[in-house]
Amino acid sequence: MSESSGVGRGKGVGLGLALGSAIAFGGSGVAAKPLIEAGLDPLHVVWLRVAGAALVMLPLAVRHRALLRRRPALLAGFGLLGVAGVQAFYFASISRIPVGVALLVEYLAPALVLGWVRFVQRRPVTPAAALGVILAVGGLACVVEVWSGLSFDAVGLLLALGAACCQVGYFVLSDQGSDSGADAPDPLGVIAYGLLVGTGVLTLVARPWTMDWSVLGGTAHMNGTPVAAPLLLSWIVLVATVVAYVTGVVSVRRLSPQVAGVVACLEAVIATVLAWVLLGEHLSAPQIIGGAIVLVGAFIAQSSAPAKSSPEPVAGGGQGRDLSTCSTVV
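Model, not experiment: these values are computed from the prediction. Here the residue numbers are simple positions, counted from 1 along each chain's written sequence. Only residues with pLDDT of at least 70 are given local features in this predicted model, and only at 80 or more are side-chain atom pairs given and counted; all residues enter the totals for whole chains, interfaces and linings. Hydrogens and waters are ignored; side-chain quantities use all the structure's heavy atoms.

Peer 1: Describe the pairing of strand S2 (residues 225-228), listing the residues and the values that go with them.
Peer 2: Here four bridges tie strand S1 (residues 219-222) to S2, and the two strands are oriented antiparallel to one another. The residue of S2 that forms the bridge with Thr 219 is Ala 228. Strands are labelled as partners when DSSP assigns at least two bridges between them. Elements are defined by DSSP. Helices are runs of H or I of four residues or more, strands are runs of E of two residues or more, and each kind is numbered from the N terminus. Remark: two residues form the turn of the hairpin made by S1 and S2, two consecutive strands paired antiparallel; Asn 223 in that turn has positive phi of roughly 55°.

Below, the structure written as structure tokens:
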């Protein structure tokens, strides 16, 4: 087999893994919402998801236990913001507003990263990145239909925005470990410890001992169709968390972050389509157009940064991070 064909096959596998990750992440809200509507508190669903995934990935945490000594602040911040914060805000928001809208609001995160770069790090941003921010904000205005007086639940929108802000922390923390060369932390180890930290934080906040555990032994309804609650929970833990994270990380290693980011941006599209088909959450034509504009703006804002060694202005959290690309980690 020639070297070029081997490289091509590797990229094909990488694209498949990136698409699988986007599908897995995109299905989390669709599987979680019936459980919430069946009587589980959104925080309890998040706790079940994170704690279950942490248990599955515990062997990886043991394997990379040196990270506790080398990168304690990174692990704590990743667990608090990138795991507990993002997912808690997201699941709370989908209990009040459609899944697609919540995820599209969260896609403001790449644009918000520019605010961190420009006003906290005091670094210039590129004109293309600024255009991405304008597009994302304009698209969001269409998604929430501001001309109708913000007809969506204001609290739900604020919760989704909270998820976007936590996502900024995830991007920034991911970028911190990407310039360490051979000393860079293994992303799978960071994810494993992030899930453990997230479980600890969420245990204190969610108080799972107050959960109505009987809901997990019954059925939930997905747009009128009964589905076994354990099946939905298994999807959330094993597919939408463990498989989603692992395939996402492996795909970035086989592809460039930019290419993987293009595929990962399909997550919002997949989540919206799944919510439309399985939950009956229909979006209007202006919302669909606005969602497309949000994704375009988010991708431009995300991918307009030059290499770290370049003296040119930057646009966001940097292209070198290897924990994620355009994915929103929900």
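Peer 1: Kindly report on the side chain of Arg 49, identifying the contributing residues and their values.
Peer 2: Take Arg 49: it is sitting in helix H3 (residues 42-56). Note on exposure labels: buried denotes an accessible area under 20% of the residue type's maximum, exposed denotes more than 50%, and partly exposed covers the range between, all computed with a 1.4 Å probe on protein chains only. Under the relative-accessibility criterion, Arg 49 is labelled buried at 0%. For this analysis, residues touch if any pair of their heavy atoms sits within 4.5 Å. With residues near it in sequence (within four places) discarded, Arg 49 still touches Phe 25, Ser 28, Gln 87, Phe 91, Ile 236, Val 237, Ala 240, Thr 241 and Val 330.

Peer 1: Outline helix H9 (residues 127-143), listing residues and values.
Peer 2: Compared with the 24 Å implied by 1.5 Å per residue over 17 residues, the 24 Å span of H9 between its first and last C-alpha is a close match. When we look at burial in H9, the residues that qualify are Ala 129, Gly 132, Ala 136, Gly 139, Leu 140 and Val 143. The arc enclosing the buried residues of H9, seen along the axis, measures out at 105°, which places them on a common side. Relative to its buried face, H9 has exposed residues pointing more than 90 degrees away, namely Pro 127 and Ile 134. A helix is expected to reach a length of 1.5 Å times the quantity of its residues less one. Each C-beta atom gives one direction from the helix axis, and the arc is the one those directions make.

Peer 1: Run through unusual backbone geometry, naming residues and quoting values.
Peer 2: Its identity is not glycine, yet Arg 207 carries a phi of approximately 50°, on the positive side. One can find Arg 207 in the loop between helix H11 (187-206) and S1. Phi is positive for Asn 223, close to 55°, though the residue is something other than glycine. Relative to the elements of secondary structure, Asn 223 occurs in the loop between S1 and S2.

Peer 1: Outline the side chain of Thr 241, listing residues and values.
Peer 2: Structurally, the position occupied by Thr 241 is in helix H12 (residues 229-254). The buried category is assigned to Thr 241, whose relative accessible area is 1%. What qualifies as a polar contact is a pair of N or O atoms within 3.5 Å, subject to a donor-acceptor requirement within protein and to the restriction that residues adjacent in sequence count only when both atoms come from side chains. Side-chain polar atoms of Thr 241 contact the backbone oxygen of Ile 236, separated by 2.7 Å. In contact with Thr 241, not counting residues within four places along its chain, are Arg 49, Ala 53, Leu 195 and Ile 236.

Peer 1: Can you explain the pattern of salt bridges? Please cite residues and give values.
Peer 2: Only one rule defines a salt bridge in this text: a Lys or Arg side-chain nitrogen within 4 Å of an Asp or Glu carboxyl oxygen. A full pass over the atoms with the stated rule returns two salt bridges. A salt bridge links Lys 33 to Glu 281; its shortest N-O distance comes to 2.6 Å. Of this pair, Lys 33 sits in helix H2 (residues 28-37) while Glu 281 is found in the loop between helix H14 (266-279) and helix H15 (285-303), placing the two residues 248 residues apart along the sequence. The buried category is assigned to Lys 33, whose relative accessible area is 8%. Among the ionic pairs, Arg 96 bridges to Asp 153, the shortest N-O distance being 3.1 Å. With Arg 96 in the loop between helix H6 (72-94) and helix H7 (99-106) and Asp 153 in the loop between H9 and helix H10 (154-176), this pair connects stretches of sequence that are 57 residues apart. The exposure class of Asp 153 is partly exposed, given its relative accessible area of 26%.

Peer 1: Can you break down the packing of H6 against H7 residue by residue, with the values?
Peer 2: Axes here mean lines fitted to C-alpha atoms, for a helix over just the part in contact, with angles spanning 0 to 180 degrees between N-to-C directions. Contact pair H6 / H7: the axes reach a minimum separation of 9 Å and the direction vectors enclose 145°. Like other packed secondary-structure pairs, H6 and H7 cross with a definite hand, here right-handed. Where H6 abuts H7, its residues Val 86, Tyr 90, Ser 93 and Ile 94 lie against Val 99, Ala 102, Leu 103 and Glu 106. Three residue categories are used. Nonpolar comprises Ala, Val, Leu, Ile, Met, Phe, Trp, Tyr, Cys and Pro, charged comprises Asp, Glu, Lys and Arg, and polar comprises the others, including Gly. Residues belonging to the contact of H6 with H7 are distributed by class as follows: six nonpolar, one polar and one charged. With the far helix as reference, a near helix turned anticlockwise by less than a right angle produces a left-handed crossing, and one turned clockwise produces a right-handed crossing.

Peer 1: Explain the nonpolar core residue by residue, including any values.
Peer 2: Ranked by size, the top nonpolar core spans 80 residues in total, and within it Leu 35, Leu 40, Val 45, Tyr 90, Ile 94 and Leu 195 carry the most contacts. If you look at the next biggest cluster of nonpolar residues, it comprises six residues, including Ala 109, Val 113, Val 168 and Val 172. Take the buried Ala, Val, Leu, Ile, Met, Phe, Trp, Tyr and Cys residues and link them wherever side-chain atoms come within 4.5 Å; each set so joined is a nonpolar core.

Peer 1: Describe the packing of aromatic side chains, and please don't skip the residues or the numbers.
Peer 2: Aromatic rings from Phe, Tyr and Trp, taking only the six-membered ring of Trp, are treated as a pair when their centres fall within 6.5 Å; an angle between ring planes under 30 degrees marks them as stacked, one over 60 as edge-to-face, and anything in between as tilted. All told, the structure shown has three aromatic pairs when counted by the stated rule. Ring centres 5.3 Å apart and planes at 90° place the aromatic pair Phe 25 and Tyr 245 in the edge-to-face group. Pair noted here: Phe 25 is in helix H1 (residues 3-26) and Tyr 245 is in helix H12, with a separation of 220 residues, a long-range link. Taken as a pair, Phe 25 and Tyr 245 share a single burial class, namely buried. For the pair Tyr 90 and Phe 91, a centre-to-centre distance of 5.7 Å together with 50° between the ring planes defines the contact as tilted. With respect to burial, Tyr 90 and Phe 91 carry one shared label: buried.

Peer 1: Run through a nonpolar patch on the surface, naming residues and quoting values.
Peer 2: Only residues whose relative accessible area exceeds 30% and that take part in no salt bridge are eligible for patches, with like-charged residues grouped when within 9 Å of each other and nonpolar side chains (Val, Leu, Ile, Met, Phe, Trp, Tyr) grouped when within 5 Å. For the accessible areas, the method is Shrake-Rupley and the probe is 1.4 Å, while residue cover comes only from the protein chains on display. Where nonpolar side chains cluster on the molecular surface, the patch consists of Leu 19, Ile 23, Leu 266, Val 269, Val 273, Trp 276, Val 277, Leu 278 and Ile 288 and spans about 710 Å² of accessible area. Among the secondary structure elements, those contributing two or more residues to the nonpolar patch are H1 and H14. The element best represented in the nonpolar patch is H14, accounting for six residues. In this structure Val 269 comes out as partly exposed when scored by relative accessible area, which is 39%.

Peer 1: Report on H6, specifying residues and quantitative values.
Peer 2: Under the 1.5 Å per step criterion, the end-to-end length of H6 is 32 Å for 23 residues, consistent within 8% with the ideal 33 Å. The angle between axes fitted to the seven residues ending at a residue and the seven residues starting there is what we call the bend at that residue. Of all the bends found along H6, the most pronounced is centred on Gly 85 and spans about 30°.

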